[in-house]
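Here is what each chain is made of, one letter per residue.
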Amino acid sequence: MIKKPRKIPLKILKLEALLRRLPSDHPKRNQLKEDLAKNKAGYNGEKAIDYHLLLLPDDKYTILHDIRIPHNNTHYFQIDSLIITPKYLLILEVKNINGSLHFDQTFHQLIRTINEGEEAFPDPILQVQRQTSQLRMWLEKHKFPSIPICSFVVISNPSTIIKAAPNKVVIHAASLPHKINKLDKFYTQDILTLKEIKKLSNLLTKQHQPLDQNILQHYHIPQTDIITGVYCPECFHISMIRKRGKWFCPQCLNLSRDTHIPSLKDYSFLIGKEITNQQAREFLNITSITVTKKLLLSSNLQYSGDKKGRKYKLIFPET
Ligand SMILES: [Zn+2]
């Protein structure tokens, strides 16, 4: 069963929000677009392996996708996919990199050759070794029985050529079910009970903390560079105009009622998770206090405080 499904990473949602709200000639646009492409390639690679994991019998494996668990006070360990079985745990580190890959175990780097150019990446084998020891320490700390932890670096792109890699660690996504079968035959002793598996997967899900960085600070972009207004979900024009209780797009003539909600989500991605009436007026380009109050209340947001100090929590059911 999939205990924790994969969701679109916050970083992608934040980069998309930032890109739609920066002027077309903004100096940071190219860097942001490159970072968005890299993050999307990573996410697509992870989604691609899900297809192969679906071939596994549902009742035998508990799968947690994309977990980020506190290791100590300042550090976290992140795992693309963790498969829990009664006999062993399996860590998958997914790489969506095309070209020819050479896993250099002398200098611990991954070298990709494409179109006669070479590019180096951090060594994913070292990465899974680190994840394994961090997970082992975490299991000990939480008093789980000692259980074998296996790991694979999974290459999600079927056309990627794996040139030199240490035996059995680096695999193509399509061979995942077969490799898992082999592990099942190798590890024969039940170590975790069903109850312990449930406890383990619940605790990992509970401790998961998605990376939530302040994106404006991260890219050194002042908040004043952000274009305010309600964006049109059809053509992405900013901004829509409020007309007789609805939002109207002057570019594609789209007319809708709740279009301020995606823009409030942009505010939560870029600026903060709470918003006052004044901040909402400034961000959505609305002049009326009453209209803004009505919109915020009708968006079913929780709030605290009263009158001018009232703060609405920008937490939406599907995010
Ligand atoms: Zn439009």
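Residues numbered from 1 in each chain as written. Predicted model: local features only at pLDDT ≥ 70, side-chain atom pairs only at ≥ 80, totals over all residues.

A. The arrangement of the domain arrangement of the protein in detail. By domain assignment, the protein separates into domain 1 (2–207) and domain 2 (228–313). With centres defined by C-alpha atoms, the gap from domain 1 to domain 2 works out at 37 Å. Tallying the contact residues gives 6 residues for domain 1 and 5 residues for domain 2. (Domains from an automatic or database assignment. Contact = placed C-beta atoms within 7 Å.)

B. Seen up close, the sheet that holds strand E9 (residues 161–164). In space, the 4 strands of this open sheet follow the order E7-E6-E5-E9, with mixed pairing throughout. Every interior strand has two partners, whereas the edge strands, strand E7 (117–122) and E9, have only one. Taking the axes of each pair of neighbouring strands and ignoring which way they run, one obtains an average angle of 25° across the sheet. As judged from the 5 bridges shared by strand E5 (residues 100–104) and strand E6 (residues 109–114), these two strands associate in the antiparallel manner. Of the residues in E6, the one forming a bridge with Asp104 is Gln109. (Pairing = 2+ DSSP bridges. Helix = DSSP H or I, 4+ residues; strand = E, 2+ residues; numbered from the N terminus. Axes fitted to C-alpha atoms, helices over the stretch in contact; angles between N-to-C directions.)

C. Examining the nonpolar core more closely. Core analysis: the biggest nonpolar cluster contains 34 residues, and Leu82, Leu89, Leu90, Ile91, Leu92 and Val154 have the highest contact counts within it. Put simply, the parts of the chain that give this core at least two residues each are strand E2 (62–70), strand E3 (76–84), strand E4 (89–95), E5, helix H3 (124–141), strand E8 (149–155), helix H4 (176–186) and helix H5 (194–207). Here Leu82 is in contact with Leu64, Ile67, Leu89 and Ile91, once residues within four sequence places are set aside. (Core = buried A, V, L, I, M, F, W, Y, C linked by C-beta atoms within 7 Å. Buried ≥ 20, exposed ≤ 12 C-beta atoms within 10 Å, placed from the backbone.)

D. Region of interest: the environment of His108. Looking at the element boundaries, His108 is found in the loop between E5 and E6. When the C-alpha positions of His108 and His71 are compared, they lie 23 Å apart, and in sequence the two are 37 residues distant. Ignoring sequence-local partners within four residues, the contact set of His108 consists of Asp123 and Leu126.

E. Examining the pairing of E2 more closely. Pairing between strand E1 (residues 2–4) and E2: 2 bridges, direction parallel. Bridge pairing in E2 places Ile2 opposite Ile63. Looking at chain direction, E2 and E3 are connected through 8 bridges and run antiparallel. Looking across to E3, one finds that Arg68 is bridged to Gln78. Between E2 and E3, which pair antiparallel in sequence order, lie 5 residues.

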